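Chain by chain, the residues run as shown.
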Amino acid sequence: MRDDTMTATWEPTAGCGALSDADAAAGREVVLAGWVHRHRDLGGLLFLELRDGTGRVQVVFDPSEAPEAHAQAQGLHLEDVVGVRGRVVPRQAPHREHPTGSLEVRAQALQIHARATHVPFAVSDEATASEETRLSYRYVDLRRAPLQRALRLRHRLARAAREVLDAAGFVEVETPILTRSTPEGARDYLVPSRTHPGRFYALPQSPQLFKQLLMIAGFGRYYQFARCFRDEDLRADRQPEFTQIDLEMAFARPETIYGIVERVVAAMARVAGVPLEGPFPRLSYAEAMARYGTDRPDTRFGMELHDVSAAAQDSGFRVFERALAQEQGAVVGFTVPGGADVSRTVTERWAAWAREAGAEGLVWVLWSAPGEVRASLPRHLLPGLGVRLAEAAGAQVGDAVLLVAGPRPAAASAAGALRCRIAEERGLVSAGQWSALWVERFPLFEWEAQEQRWVSRHHPFTAPVWEQLHRLERDPAGVEAQAYDLVLNGVEIGGGSIRIHRREVQERVFRVLRLGEEEAHEKFGFLLRALDSGAPPHGGIALGFDRLCALFAGTPSIRDVIAFPKTTSASCLMTGAPAPVEPAQLAVLQLRVAPSEPGDR
C-alpha cells in the first residue's frame with residue numbers, strides 16, 4: 001500500500017560519533033541519521049540522543065528555532081529511525097565523559113524514516129535481557145555499542161591479517177563448501193544430493209586436503225578466511241560453523257611458518273592496541289605437560305608444576321604409596337605464593353575444584369612459619385613429610401603447596417586446571433598481560449583405549465619427525481609429529497603441521513591407523529594420486545579467527561564477535577533453525593525421517 005508520508009531519504013553527511021569540536025566551532029551544517037537512543041521533553045526544549053554506527057550525539061529541538069521539527073519530535077519513541085538536519089554548536093553544559101559531550105546539534109528539520117513498534121529490550125551498553133531473548137532478537141542486540149565495537153574490530157583484524165599475507169606473497173583461494181565426508185575427528189554436517197539419490201556431500205571441517213592439493217598444484221603460498229563446520233558439543237569458544245585463517249606454504253620449515261604467523265598475529269594485536277610482538281617462545285609438548293599440565297599453558301603467571309614423587313616415596317602415606325604403585329604413578333603439585341594463611345573454607349573449595357578437574361582428591365600443605373606446617377596429612381607424618389614436600393615443590397615459608405596423586409597424565413592435568421582457577425581467584429593475571437607461545441613436537445599418535453587402536457593426535461596427514469620415521473610401525477608411541485600449536489593467554493588459537501608429501505609415507509601412516517588399503521583408496525584416492533604427481537614438501541596452520549577476535553575484544557565468548565551465532569545446542573533462536581522441512585522436499589531427495597525413539601534428543 002502506498003504511504004504518502006514517505007519522501008526521498010536524506011543522505012547523512014556525518015556520523016553521530018564522528019563530530020568534533022572543530023565542527024562545533026565552525027557551526028557546521030550536517031545531516032545525521034540513526035536511531036533514537038534517549039528522549040527527554042523538558043516542556044520547552046526537547047532533547048534527543050541520536051545513535052548510529054559511529055556513536056551518539058545530543059540533538060536539541062527548540063520550538064523557537066524549528067517549530068515544525070519540534071512538533072514532530074514530540075511524538076518520537078526509543079529506537080525510531082530518523083534523519084536530522086541541523087547545525088553543530090558547542091554544548092552549554094558539557095558532558096566530559098562522553099565522546100561527543102562537548103557539542104550538540106541544533107535541529108532545523110526532522111525526517112521520520114520508520115517507527116519502532118516492537119523493541120523487546122532496551123538498547124544499552126549493559127546487557128539487560130537474558131541471552132536467550134537477545135539471541136532471539138539478535139538484530140536489536142547488535143545495536144548495542146559493545147557488539148558494534150566487537151564486530152567492527154573483527155573487520156579491522158581481518159584487514160590487518162590480509163595485508164600481512166598479501167605482502168608476503170600469499171594468494172587467497174576459496175575451497176569448496178560441498179565436499180565429501182572424511183574422518184577428521186568430529187562429526188560431519190551432511191547435505192543430501194538431489195541429483196545423486198542416496199549420496200551426500202559433507203560441509204568441510206577444514207580445507208585440509210584442498211590446501212595440500214593447492215601446494216601440489218604449484219601455488220606455493222595460499223590462504224583464505226575459511227568457513228568450517230563441525231557437528232560437536234559446544235562451549236563458549238565453539239560454534240557449529242566458525243571461521244579460521246587457513247594458510248599453507250610449499251618448501252617451508254616450521255620456523256618459516258612461525259615467522260609468518262607471528263607477523264599476522266602481531267599486526268592484529270597492534271590494531272587492537274595489544275602489546276604483542278614476535279618472536280614467541282617455544283615449548284615442547286612434553287615440557288608443557290610437565291610444567292603446566294596442559295598443551296595450552298597460560299604463562300602469564302608462575303605456579304609451575306613440580307613432580308614431588310621422590311619426596312613422597314616411602315612416606316608411609318597410603319594415598320601417595322597407592323598412587324606411586326600404579327603404572328606412570330606420580331605426585332604432582334605446585335606452590336601458591338603467600339597462600340599459607342588461607343582458611344579451611346578455602347582449602348575445601350580448592351579440593352572441590354581439584355575433583356571437578358578429575359583428581360581423586362587434594363593434599364594441601366600450609367608452611368606458615370619455620371618448623372610450623374599444617375597439612376591434610378596424618379598427624380604422625382606431618383612434621384618431616386610436610387616440610388619435605390613443600391621444599392620439593394619449591395615453596396618458601398608463607399606459601400601453600402597443593403598436591404595431586406595418580407597416573408602422571410591425569411594428575412598433571414588436574415593440577416594444571418586447578419593452577420589456573422586459583423590464579424584467577426587470587427588475581428594473579430591483570431587485564432593488560434599478554435603471553436603467546438608455540439607448543440611443538442606433539443606425539444604423532446594417541447592410543448584409543450575404547451577402540452584398541454592408534455589414532456592421529458592431529459590428523460592423518462601430519463608428517464612425523466623424519467629422523468624417527470624408522471620407528472613408525474614398531475614404536476608408534478615414540479614417534480613425534482612435526483606439529484605445532486599457537487597458544488595465547490592459555491587459549492589455543494591455532495594448530496598446524498608439516499604435511500606428508502610422499503605417498504609411501506602416507507600409506508604407512510594409514511596402516512598404523514588401521515585404515516585398510518581399500519578404505520584409504522575409497523576416501524583418499526584423489527590425494528594419493530596427487531602425491532604421485534610430484535608433491536613439494538609443505539606445511540601450514542589454521543588460526544581460530546573467532547577466538548582471536550574474542551581475545552582481542554576482551555570478551556569471554558566467541559558469540560560476542562559473531563554476528564549471528566548459534567546457542568550451545570547449535571540452534572538459531574532468531575530464525576528457528578534447525579527446522580522441519582516439507583515432506584515434498586524430503587521426497588525429492590528420497591529421504592524419510594525415522595520416528596524418534598524414547599530418550600532421543
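Conventions we followed
- Residues numbered from 1 in each chain as written.
- Predicted model: local features only at pLDDT ≥ 70, side-chain atom pairs only at ≥ 80, totals over all residues.
- Heavy atoms only, no water.
- Pairing = 2+ DSSP bridges.
- Helix = DSSP H or I, 4+ residues; strand = E, 2+ residues; numbered from the N terminus.
- Buried < 20%, exposed > 50% of the residue type's maximum accessible area, 1.4 Å probe, protein only.
- Contact = heavy atoms within 4.5 Å.
- Salt bridge = Lys/Arg side-chain N within 4 Å of Asp/Glu carboxyl O.
- Axes fitted to C-alpha atoms, helices over the stretch in contact; angles between N-to-C directions.

Asks: Got a minute to help me understand the pairing of strand β4 (residues 81-90) in this structure?
Replies: One ladder, built from seven bridges, connects strand β1 (residues 29-41) with β4; its direction is antiparallel. In the sheet register, Val30 faces β4, and the bridge partner there is Gly86. Across 10 bridges, the pairing between β4 and strand β5 (residues 103-114) is antiparallel. Its bridge partner being in β5, Gly83 is matched across the sheet by Gln111.

Asks: So what exactly am I meant to see when it comes to helix α14 (residues 503-512) here?
Replies: The α-helix winds at 3.6 residues per turn, so residues separated by three or four positions along the chain end up facing the same way. For α14, every residue scored as buried is listed here: Arg503, Val505, Gln506, Val509, Phe510 and Val512. On its buried side, α14 packs onto β18 (445-448), β19 (453-456) and α15 (517-531). Arg514 lies just past α14 and shows a positive phi near 60°.

Asks: Whenever I open this one, the sheet that holds strand β16 (residues 400-407) confuses me. Can you help?
Replies: Consider a sheet: its strands pair through backbone hydrogen bonds, and that pairing is either parallel or antiparallel. Pairing is antiparallel across the open sheet formed by five strands, whose spatial order is β12-β13-β16-β14-β15. With one partner strand each, in any of the chains shown, β12 (306-307) and β15 (372-375) form the two edges of the open sheet. Sheet topology note: the strand β13 (residues 329-336)/β16 ladder contains eight bridges and is antiparallel. Its bridge partner lying in β16, Ala330 is registered against Gly406.

Asks: What exactly am I supposed to notice about the pattern of salt bridges here?
Replies: Opposite charge on two side chains permits pairing when their charged atoms draw close. The full count for this structure, using the stated rule, is 42 salt bridges. The partner of Asp295 in a salt bridge is Arg296, and the shortest N-O contact between them spans 3.8 Å. Of the residues examined, Arg296 reaches a relative accessible area of 43% and is grouped as partly exposed. For Glu507, the salt bridge is made with Arg503, and the minimal N-O distance between the two is 3.1 Å. Taken together, the positions of Glu507 and Arg503, both in helix α14 and four residues apart, correspond to about one turn of that helix. Since its relative accessible area comes to 18%, Arg503 is described here as buried. Sharing partners across several salt bridges, the network here consists of Asp62, Glu65, Glu104 and Arg106.

Asks: What is the right way to look at the sheet that holds strand β6 (residues 171-172) in this model?
Replies: The eight strands lie next to each other as β6-β9-β10-β22-β21-β20-β17-β11, forming an open sheet whose pairing is mixed. In this open sheet, the two edge strands, each paired with only one partner strand, are β6 and β11 (282-284). One ladder, built from five bridges, connects strand β21 (residues 491-498) with strand β22 (residues 538-544); its direction is antiparallel. Following the sheet pairing, Ile498 is matched in β22 by Gly539. Of the strands in this sheet, β6, β9 (221-229) and β10 (241-250) are in contact with helix α5 (residues 145-167), which crosses β9 at around 150°. Running at roughly 25° to β10, helix α6 (residues 208-216) makes contact with β9, β10 and β22 of the sheet.

Asks: Just checking my understanding: could you explain the environment of Glu327 for this structure?
Replies: Within the secondary structure, Glu327 is located in the loop between α10 (318-324) and β13. What makes Glu327 exposed here is its relative accessible area of 72%. Considering only alpha carbons, one finds Glu327 and Gly406, 79 residues apart in sequence, at a separation of 9.3 Å.

Interpretation note: all reported values are geometric properties and have no functional meaning in isolation.
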